[in-house]
Each structure stands twice: as structure tokens, then as C-alpha cells.
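# Tertiary structure, described
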Amino acid sequence: MGSMSGSEATMRFRVARVLDGDGRSVTPDAVVVVEDGRIVDIRPASTEPADSVVPLGDATLIPGLLDLHVHLNMRGDGRPIEDIQDVSDGVLALRSYAGAAAYLRSGVTTVLDLGSRNATTLDLGTAIEEGTLVGPTVLSSGSPLTRTGGHMWLMNGEVDGADGIRKAVRERSKAGASAIKLVATGGATRGTSWFQPSFTADELRAAVDEAHALGLPVAAHCTSIAGLEQAVRAGVDLLVHAFFYEPDGTYRFRPDLADAIAASGASVNPTLHTVESRIAEARRISSRRPLDTVERRQLEADLRGLDERREMASRLLDHEVPLVVGSDGGFTQVRHGIGTVREMKALAEVGLSPAQAIAAATGNAAAVLRQPTDLGRVRPGAPADFVVLDGDPGRGLEALDDVLVVVKAGRVVHRRDDRAAGVGGVGTGPGA
Ligand SMILES: [Zn+2]
């Protein structure tokens, strides 16, 4: 609970425990002190004068969640990517803001947009950073790099040849991108195939070399073994989807490739919840009417695909490949704001402990960004981006559904009505 008196710039939160984003450290019965947008101290509650701060009870303070994979231009309403073709950049930017704002309520204080059109989400990130809009930190790759006609070409990132790719990476760095997105295989865009690599090995290597020279991490969309092998050899930082599919679409886990991923230092975002979201939607429809043939086949394919992806993710863990959280929010049926926690729960189901699942959406996710910051951590000097949960998420991730307070850059941006209503000393928006 925030300090009920004193300077508006200082807040104190007394919680039963602080869980840091490293997946290990727990500080019991602590007071977290926030000043001017940063955490300045974490001290034992016993050293705090009795009436200086109202205890929040059996509450846990964790770092603000970081979703490494969203598409804010899209709405998670099942419409295909082709839907954005007739929408102006202005509307896409406004849609993106509505999507971004939804993340805060679930405790997501940073999102990385891995594919949007032109500068729509780069501009949104700037507007939030300058305080014009209240939202999570929006980091963005800008338009995703794809070969001419490749998956996501509608976002205007078509590029060919190593020289072309180098220039495109430099342009994104100049425009303020926080990461480079490479579309290394086909995907859901009409006319592309999941099972075919999109770029040559030279093109991928040029992209990664140039991005790393500019201090930017590289995320690669890969939905087949061939694409994965290329991306791992090129040295990408984040493998998005990372599906082990043969050219004919057969699932086959390849232990040697898993070892190569682990050795490369890349993290994997297995996007388990995207399939779950489609299955849930099919079940909603079938509770109202019988599914037609196409829908039934899709549901069968998704049920099989979910089993395969779960098996793959659990075996990647056996090979010590770090799994990180990205909801793919905006694509298929993944609504903005709810997918992040669902992906964390999906990762827990395949083998992460609750604390590890939290690290996968905080400290370990931040490590992928190659930024020398304390993002995703709760420690003195770190940005005051955190969430207070009712309960102990270390015992079970259901506590993530009980958000009491969300603090972004030292400001309360969301609070649950009852117990958190007394949080004092701060407002809920800019200028408060
Ligand atoms: Zn995606």
C-alpha cells in the first residue's frame, strides 16, 4: 500500500514477499520503497515504523511482466493478417494503443511488438514514453523483415539480398526499433508455407551481424526444422514458434538441433497459447452449433498441434533451452492482455516451476533484449515497474489472476477496487 502521507513522489509497499525476476530470490515480509519512478530500497518490514505503511496482507510483489511477442496492429479476433490491408496507419496506431492499454491490467508493463506496419507501433512507443498516453512500455521491431511476398509482407518489410537486409536493419535502428524481426519461414500469410525457409543463409547472417553490431537483438519466426537450422546457425537471439516440422509437415523432435539451440544461447518462445486460443474458440462455437467440416478439421489439427508443441517445449527444457514468454497477442484468437499470463501457465504445464515461469516473463525475457538495464528485476535502481498480487504465485500461478496493484514507472496505473482502494499518495494517470 502506498504511503498515506508524505511526498507524492515516494511510495511504500509492504508485502508478505518480494519475488525477483531471476526465478530464485524471495525476500519475505518486506517494504519496497519507490521514488521518482525507481525502486530505491527493499527493506525488512520490521525496520519500518509501525504506522508508516499499511500492510497489503498475504501479497506478493513481482517485477512487471514482459511479453516478448505481440502484434498490436491486430486484434486477436481471428481475422487474418490480410485484414490490415484496407486500414490506414492512423487507425492501426489507435488500435495498437487500445491493445497495449489492455496489457497493464494483467500486470504486463512492457511489450515487444514483433511485427506491425510502418512506424505505427514505434510511434505509439514514443507517445507513451513522452507521457502523452498511459500504457506499458512499447518496444517494437517496426515492420518485420521478410522476403518479397513472404509471411507478413503486408506490413511493408519486404527485403531481398544481403545488402538490402543490411540497409533495412540500419533503417530500423535509425527509426528507434528495439529489436529486429526476421521472418525466416512462411506462415499464416496467404501464399506462403510454414515449411519453407524464406531467406538464404547469407541473408540471415547479414541481418544478425548488422543487428548485433548496432546492439539490437534478433527474433526469428521459424515454423519448420529447415528454418530453425538456418536461424540458429545465423546466431539469432529469440526463436519464435520454433516448430520442429519436416518439409512434409511431419512433427519430429531433433535432439541434435535442440542441443545446437542450447549451445547458440538463443531463447525459444514456443507460443503454446496461440493454439489453445483457437481450440477454445472452436469449443465456444461448437457449444452453439455443430462445427462445419473445415472447422472440425482445423480443430483436429490444432489438438494434434498442441500435443506436438507441448512435447517439443518440454523436451527443449530437457536440453536446457531457455523458454521465454510471448503471447503472439493480436494474431489468431489471442486477445491483447490475457495471453501473457496464459502463456506463462502453459509453460508451467510443460515443466517450468511457477518461479521459473515468472522469470520467463521477467528477468529471462529482459535478458533477450540485450539492454543493460534492470528491466524485469525488483532491486534498488530498477525502474519501478511491478505488480502486487493477492497470494503467492510461487505456490501456484493462479495468483497472477489476482492483481491488486500495477505500478508503471513509479505510478499506480491499475488497482483492484477493494483492498487496493486505499493506495494513497499517487494518481492513476499523467499529471496526477
Ligand atoms: Zn507473431
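Residues numbered from 1 in each chain as written. Predicted model: local features only at pLDDT ≥ 70, side-chain atom pairs only at ≥ 80, totals over all residues. Heavy atoms only, no water.

Looking up the protein in an unreviewed UniProt entry gives the name Amidohydrolase family protein, with the organism given as Micromonospora sonneratiae.

Turning our attention to the pattern of salt bridges. One side chain can pair with another of opposite charge once the charged atoms of both are near each other. A complete count under the given rule lists 32 salt bridges for this structure. Residues Arg117 and Asp89 are paired through a salt bridge, measuring 2.8 Å at the closest nitrogen-oxygen approach. Here Arg117 is found in the loop between strand E6 (108–113) and helix H2 (120–129), whereas its partner Asp89 is found in helix H1 (residues 89–105), with 28 residues between them in sequence. Judged by its relative accessible area of 8%, Arg117 is buried. In this structure Asp89 comes out as partly exposed when scored by relative accessible area, which is 30%. Residue Asp374 is joined to Arg379 by a salt bridge in which the shortest nitrogen-to-oxygen separation is 2.6 Å. Under the relative-accessibility criterion, Asp374 is labelled partly exposed at 22%. Look at the salt bridges and you will find they share partners, linking Arg75, Asp77, Arg79, Asp83 and Arg95 into a network. (Salt bridge = Lys/Arg side-chain N within 4 Å of Asp/Glu carboxyl O. Helix = DSSP H or I, 4+ residues; strand = E, 2+ residues; numbered from the N terminus. Buried < 20%, exposed > 50% of the residue type's maximum accessible area, 1.4 Å probe, protein only.)

Ligation of the zinc ion by protein atoms is provided by His69 (NE2), His71 (NE2) and Asp328 (OD), these donors lying 2.0 to 2.4 Å from the ion. Read in sequence order, the donor residues coordinating the zinc ion give the pattern H-x1-H-x256-D. Of the two residues, His71 is situated in the loop between strand E5 (65–70) and H1 and Asp328 in the loop between helix H8 (293–318) and helix H9 (339–349); the sequence distance between them amounts to 257 residues. Each of the two residues, His71 as well as Asp328, counts as buried. (Donors = N, O, S within 2.8 Å, 3.2 Å for Na, K, Ca; no water.)

You will see that Asn118, though not glycine, has its phi angle at about 50°, which is positive. Tracing the backbone shows Asn118 in the loop between E6 and H2. You will see that Thr332, though not glycine, has its phi angle at about 40°, which is positive. Tracing the backbone through its elements, the reader meets Thr332 in the loop between H8 and H9. Taking relative accessible area as the criterion, Thr332 reaches 21% and is therefore assigned partly exposed.

Turning our eyes to something else, we now look at the nonpolar core. Generally speaking, nonpolar side chains in soluble globular proteins are found buried as a group. In terms of nonpolar packing, the biggest core is built from 72 residues, with Leu182, Leu239, Phe244, Ile261 and Leu316 touching the most fellow members. The biggest single contributor to this core is helix H5 (residues 225–234), with 5 residues. Of the residues that make up this core, three or more belong to each of domain 1 (10–63 + 377–422) and domain 2 (65–368). Setting aside residues up to four positions removed in sequence, Leu239 forms contacts with Ala220, Cys222, Leu228, Ala231, Val232, Ile261, Ala266, Ser267, Val268 and Asn269. Val15, Ile39, Val378 and Ala382 belong to the second largest nonpolar core, which has 20 residues in total. (Core = buried A, V, L, I, M, F, W, Y, C linked by side-chain atoms within 4.5 Å. Domains from an automatic or database assignment. Contact = heavy atoms within 4.5 Å.)

Time to look at the sheet that holds strand E11 (residues 267–269). Adjacent strands of a sheet form backbone hydrogen bonds with each other and so pair up, either parallel or antiparallel. A sheet is described by the order of its strands in space; here 4 strands give the open sequence E8-E9-E10-E11, paired in parallel fashion. With one partner strand each, in any of the chains shown, strand E8 (180–183) and E11 form the two edges of the open sheet. Across the sheet, the axes of successive neighbouring strands diverge by a mean angle of 25°, strand direction being ignored. Note: strand E10 (residues 238–241) against E11, 3 bridges, orientation parallel. Across the sheet, residue Leu239 finds its bridge partner in E11, namely Val268. Across the face of the sheet, H5 comes into contact with strand E9 (218–222) and E10 while running at roughly 165° to E9. (Pairing = 2+ DSSP bridges. Axes fitted to C-alpha atoms, helices over the stretch in contact; angles between N-to-C directions.)

Taken as a whole, this structure holds 8 aromatic pairs when the rule is applied. Put simply, the rings of Trp194, Phe195, Phe243, Tyr245 and Tyr251 pair up and form one aromatic cluster. (Phe/Tyr/Trp six-rings, centres within 6.5 Å; stacked < 30°, edge-to-face > 60°.)

Now for helix H4 (residues 201–213). Compared with the 18 Å implied by 1.5 Å per residue over 13 residues, the 18 Å span of H4 between its first and last C-alpha is a close match. When H4 is considered as a whole, its buried residues turn out to be Glu203, Leu204, Ala206, Ala207, Val208, Glu210 and Ala211. Looking at the packing, one finds that the buried side of H4 touches helix H3 (162–175), E8, E9 and H5. Two residues or fewer after H4 comes Gly215, characterised by a positive phi angle close to 80°. (Expected span 1.5 Å × (residues − 1).)

This brings us to the UniProt feature "domain: Amidohydrolase-related" (unreviewed entry) in the protein. Feature annotation in UniProt assigns "domain: Amidohydrolase-related" (unreviewed entry) to the following positions: residues 60–413. Each end of residues 60–413 is marked by a C-alpha atom, and these two atoms are 17 Å apart; helix forms 39% of the span and strand 14%. (UniProt positions renumbered as here; feature names shortened; annotations may be inferred.)

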